[in-house]
Amino acid sequence: MNSIRNYFMNMWDGIYTVLVGMKVTWKNGLLRPITVQYPRERMEIPEGSRNQLYCNIDDCTGCLACERACPVACITITTSRRGAEEEVYTSTGVRLKLAVPKFDIDMSLCCYCNLCTEVCPTECLVMTAAHEFAVYDRGDLIYRFDRPWQVQKGILPPAVPDYKPKPKAAPAAAAEPAPTTG
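One finds L53, I75, F103, I105, M107 and L125 to be the most contacted residues of the largest nonpolar core, which totals 23 residues. Those elements that provide at least two residues to this core are strand 1 (53-55), strand 2 (75-81), strand 5 (98-106) and strand 6 (125-127). When sequence neighbours within four positions are dropped, the list of residues in contact with I105 reads L53, C74, I75, L125, L141, I142, Y143 and F145.

With that settled, the discussion passes to the pairing of strand 5. One ladder, built from 6 bridges, connects strand 2 with strand 5; its direction is antiparallel. Counted as the bridge partner of T78 is K102 from strand 5. As judged from the 3 bridges shared by strand 5 and strand 7 (residues 142-144), these two strands associate in the antiparallel manner. Directly across from I105, in strand 7, lies its bridge partner Y143.

For the coordinates displayed, the defined rule picks out 2 salt bridges. Close ionic contact of R42 with E132 constitutes a salt bridge, the shortest N to O distance being 2.5 Å. You can see R42 sitting in the loop between helix 1 (2-29) and strand 1 and its partner E132 sitting in the loop between strand 6 and strand 7, a full 90 residues away along the chain. D104 serves as the salt-bridge partner of R144, at 3.9 Å between the closest nitrogen and oxygen. Taken as a pair, R144 in strand 7 and D104 in strand 5 lie far apart in primary sequence, 40 residues in all.

Next up on the list: the sheet that holds strand 2. Taking strand neighbours across the sheet as the criterion, the 3 strands line up as 2-5-7 in an open arrangement whose pairing is antiparallel. Unpaired on one side and paired on the other, strand 2 and strand 7 mark the two borders of the sheet. Neighbour-to-neighbour, the strand axes of this sheet turn through a mean angle of 15°, independent of strand direction.

Here we come to the packing of aromatic side chains. With the rule as written, the count across this model stands at 5 aromatic pairs. Centroid distance Y7 to F8: 5.4 Å. Interplanar angle 75°. Geometry classified as edge-to-face. The exposure class of F8 is partly exposed, given its relative accessible area of 48%. Ring centres of Y54 and F145 lie 5.7 Å apart, and the angle between their planes is 85°; this geometry places the pair in the edge-to-face category. Taken together, the residues Y54 in strand 1 and F145 in the loop between strand 7 and helix 4 (149-153) connect sequence positions 91 residues apart. Overall, Y54 belongs to the buried group, its relative accessible area being 14%. For F145, a relative accessible area of 7% gives the class buried. Ring pairing ties together the aromatic residues Y54, F103, Y143 and F145, which thus form one cluster.

The next subject is the confidence of the model for the chain. For residues with low pLDDT, the predicted coordinates do not support detailed interpretation. Here the chain averages 79 in pLDDT, and 79% of its residues register 70 or above. Within the chain, the lowest mean pLDDT, 46, falls on helix 4, and the highest, 94, falls on helix 2 (residues 65-69). A low-confidence stretch, residues 149-159 stays under pLDDT 50, and its non-local contacts, those more than four residues away or across chains, total 11 contacts.

What counts and how
Residues numbered from 1 in each chain as written. Predicted model: local features only at pLDDT ≥ 70, side-chain atom pairs only at ≥ 80, totals over all residues. Heavy atoms only, no water. Core = buried A, V, L, I, M, F, W, Y, C linked by side-chain atoms within 4.5 Å. Buried < 20%, exposed > 50% of the residue type's maximum accessible area, 1.4 Å probe, protein only. Helix = DSSP H or I, 4+ residues; strand = E, 2+ residues; numbered from the N terminus. Contact = heavy atoms within 4.5 Å. Pairing = 2+ DSSP bridges. Salt bridge = Lys/Arg side-chain N within 4 Å of Asp/Glu carboxyl O. Axes fitted to C-alpha atoms, helices over the stretch in contact; angles between N-to-C directions. Phe/Tyr/Trp six-rings, centres within 6.5 Å; stacked < 30°, edge-to-face > 60°. pLDDT = per-residue confidence, 0-100.

What follows is the structure in structure tokens.
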């Protein structure tokens, strides 16, 4: 009698398991699919996401703040003094006392922490929306922002953002002393 009861209990467990599985299958089969057919369809990148770094080298003062702030040492900067007769300014009006002959970012080492962009006084180092930068050679992940001749060879990162430096704040007008009568 016990073996017959076990037989029917096992049969009921099998049918019940199939019914539960079919319920899950039908429930998920009727929902809208969430799969994105990449690369034909692309998801929108959330604002504030951390992606590829870009440096507007014309605004870089060579202060080395980003290099010191980088926890993985992926930024390499070399500076040299400009001559006293050279008067070069950034787009925001800051005088450049140093020339930057070398500004390299190794994106294969970057941990996307955003610390380098936070400490940049001229805000020339920014995170872009570009996140697709797969390459065949690891050497191509070293972005050299200091050599304009490499742009023609296509060595610099292809996704240059619509970089617009913040306008320089107008200096507050000096308050004129009130006329005294007397």
